[in-house]
Amino acid sequence: MSSSQSIELVERYAARNYRPLPVVIERGDGVWVWDESGKKYMDLLSCYSALNFGHRHPAILAAVRDQCERVTLVPRSYHNTELGPLCRELAELCGLDRVLPMNSGAEAVETAIKTARAWGYANRGVPQDRAQIIVADQNFHGRTITVVSFSSEPYYREGFGPFTPGFVSVPFGDAAAIERAIGPDTVAVLLEPIQGEGGVVVPPDGYLRACREICDRAGIVLIWDEVQTGFGRTGKDFCWQHEGARPDLMTLGKALGGGVYPASAVVGTEAVLGVLRPGQHGSTFGGNPLAMAIARASLRVLVEEKLAERAAEMGRVMLEGLRSIRHGAIREVRGRGLLLGIEVERDVGGARRVCERLLEVGLVTYETHERVVRLAPPLIVSRADVDWALERIEQGFRGL
Ligand SMILES: *Cc1c(COP(=O)(O)O)cnc(C)c1O
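Novice: Residues and numbers for the site of the ligand, please.
Specialist: As a matter of local geometry, the ligand sits amid Ser 104, Gly 105, Ala 106, Phe 140, His 141, Gly 142, Glu 192, Asp 225, Val 227, Gln 228 and Lys 254. In the model, an oxygen atom of the ligand is placed 2.8 Å from a nitrogen or oxygen of the Ala 106 main chain. Interatomic distance of 2.7 Å between a side-chain N/O atom of Lys 254 and an oxygen atom of the ligand. Considered on its own, the ligand offers 380 Å² of accessible surface; in the complex 81% of this is hidden by protein.

Right, here's the structure in full:
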């Protein structure tokens, strides 16, 4: 099938909830993808961090094959061989006690919200149905009704009400605003440590630690949504580790599935995640042996290949390289580790125009919030790859 046929079928039969760039990716390997005409691109999007380990990582594919030879799906009403080991390995990596596996990132966030509410009613004496959770403006935590209920993005919400109550939103990066918003019914603070979809917004130094201290003083639950920032992306295994701001609950997704399979999880302390009782929560596919085997392989790759360190190192090279590109269209370059964003000036026709141009020169990127081009290569990227990408980015901007 030709590219134009593939695209036509999507336009004719798929719901219109996306606006993809006009390229059909047929094959991927490591940091590279190829379209149907055989043209090669470097993947600087990594499926929003779901491809931290690159396309078709051999150790992860080996785990897929091996598990497929044994058993793929076992309901949680029985035990399987992979769930226990994954829970231990993930809890230990996070420095937390327990793991609740789900499938998508949004489901992990929903699960964390349920858990924080249940904890608040049982431990904070909050009257039934009154629990409040503090979130940040410009957040992104997924697309379910409850999650878009506390989005500040009209586009995510309009036409989808009525919404779930129980959320208060404050400016991101302002710890004092969190403190002021805490009331007797507050049970938790839910934040991304860096806002990815919000435009790669890095909070001021000390913010993560201040959030931890505020939650400790108020006796409420701190939830970091590390679905995008987790698994080495920002130069630490988890972004909160930059400031030692260990959460009570953390949501993970994207890279947990090794670029192969959807897998997410809530990881938490005994005191908080330990509140859930049998029957209160569940998922048909959550914790299935195929997902767990893939997640285990992904954790091994993260640790054995020292990908957090590599993200820190390559991120520095990339940030410096991007900042040295002198071009009138570039307003700001920011980010941490390999989660980087180029904010472009208003008059270049939006970040989308830049992404289209970068695609022409062999780079897969995508805009976030009209004005920011997100750059987030797989963490396995080499120094030579980074140099190649920087050269192409410069070439792309020159041709704007
Ligand atoms: C992508 C993302 C989600 C939602 O994950 P899905 O798997 O798309 O449901 C939640 N939180 C953050 C921070 C994300 O980046």
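Resuming the write-up.
Novice: Go over a nonpolar patch on the surface, please, and point to the residues and values.
Specialist: Residues Met 1, Leu 9 and Tyr 13 make up a contiguous nonpolar surface patch of roughly 390 Å² in combined accessible area. Along the polypeptide, Tyr 13 turns up in helix H1 (residues 3-13). Look at Tyr 13 and you get exposed, because its relative accessible area is 62%.

Novice: Just give me the short version of the pairing of strand E11 (residues 330-336), but keep the residues and values in it.
Specialist: Inspection of the sheet shows E11 paired to strand E12 (residues 339-344) by six bridges, in the antiparallel sense. In the strand pairing of E12, Arg 334 is matched with Gly 341. Remark: two residues form the turn of the hairpin made by E11 and E12, two consecutive strands paired antiparallel; Gly 337 in that turn has positive phi of roughly 60°.

Novice: Quick one: what's the story with the nonpolar core, residue by residue and with numbers?
Specialist: Within the largest apolar cluster, 94 residues are counted, with the highest numbers of intra-cluster contacts made by Leu 90, Phe 231, Leu 322, Ile 342 and Ile 393. The dominant element in this core, judged by the number of residues it contributes, is helix H11 (residues 289-304), at nine residues. Lining this core are residues from two domains, each supplying at least three of them: domain 1 (3-56 + 306-398) and domain 2 (58-304). Not counting the four nearest positions on each side in its chain, Phe 231 is found in contact with Asn 52, Leu 90, Leu 93, Asp 237, Phe 238, Leu 252, Gly 253, Ala 255, Leu 256, Leu 299, Leu 302 and Leu 379. Of all hydrophobic cores here, the second largest spans 26 residues; its members include Ala 116, Trp 119, Val 126 and Phe 167.

Novice: Which residues make up helix H12 (residues 307-323), and what are the values?
Specialist: For H12, built from 17 residues, the straight-helix expectation of 24 Å at 1.5 Å per residue is met to within 8% by its first-to-last C-alpha distance of 23 Å. Turning to H12, its buried residues number three or more, namely Leu 307, Ala 308, Ala 311, Met 314, Gly 315, Val 317, Met 318, Leu 319, Gly 321 and Leu 322. On its buried side, H12 packs onto H11, E11, E12, strand E15 (372-375) and helix H14 (383-398).

Cut-off values and rules
- Numbers given to residues run from 1 along each chain, matching the order in which its sequence is written.
- Residues qualify for local features only when their pLDDT is at least 70, as the model is predicted, and side-chain atom pairs are given and counted only at 80 or more; totals for whole chains, interfaces and linings, by contrast, use all residues.
- Hydrogen atoms and water are omitted, and side-chain values are computed over all heavy atoms in the structure.
- Whether a residue is near a molecule or strand is decided by its heavy atoms; if any one of them lies within 4 Å of it, the residue is near.
- Polar contacts, as counted here, are pairs of nitrogen or oxygen atoms within 3.5 Å of one another; within protein the pair requires one atom able to donate a hydrogen and one able to accept it, and residues that are adjacent in sequence qualify only if both atoms are side-chain atoms.
- Residue-level accessible areas treat just the shown protein chains as cover; the underlying method is Shrake-Rupley with a 1.4 Å probe.
- What goes into a patch is any residue over 30% in relative accessible area without a salt bridge, connected to like charges within 9 Å or, for nonpolar side chains (Val, Leu, Ile, Met, Phe, Trp, Tyr), within 5 Å.
- Note on definitions: salt bridges are taken to be side-chain nitrogens of Lys or Arg within 4 Å of carboxyl oxygens of Asp or Glu.
- Only runs of H or I of at least four residues qualify as helices and only runs of E of at least two qualify as strands under DSSP, and these elements are numbered from the N terminus.
- In this scheme, a residue with accessible area under 20% of its type's maximum is buried, one over 50% is exposed, and one in between is partly exposed, where area comes from a 1.4 Å probe on protein chains only.
- Strands qualify as paired when DSSP identifies two bridges or more between them.
- Within this scheme, the nonpolar core is defined by two criteria: the residues are buried Ala, Val, Leu, Ile, Met, Phe, Trp, Tyr or Cys, and they are joined through side-chain atoms within 4.5 Å.
- What marks off one domain from the next here is an automatic or database domain assignment.
- Note on contacts: a residue pair is in contact if any heavy atoms of the two residues lie within 4.5 Å.
- The span you would expect from a helix comes to 1.5 Å times its residue count less one.

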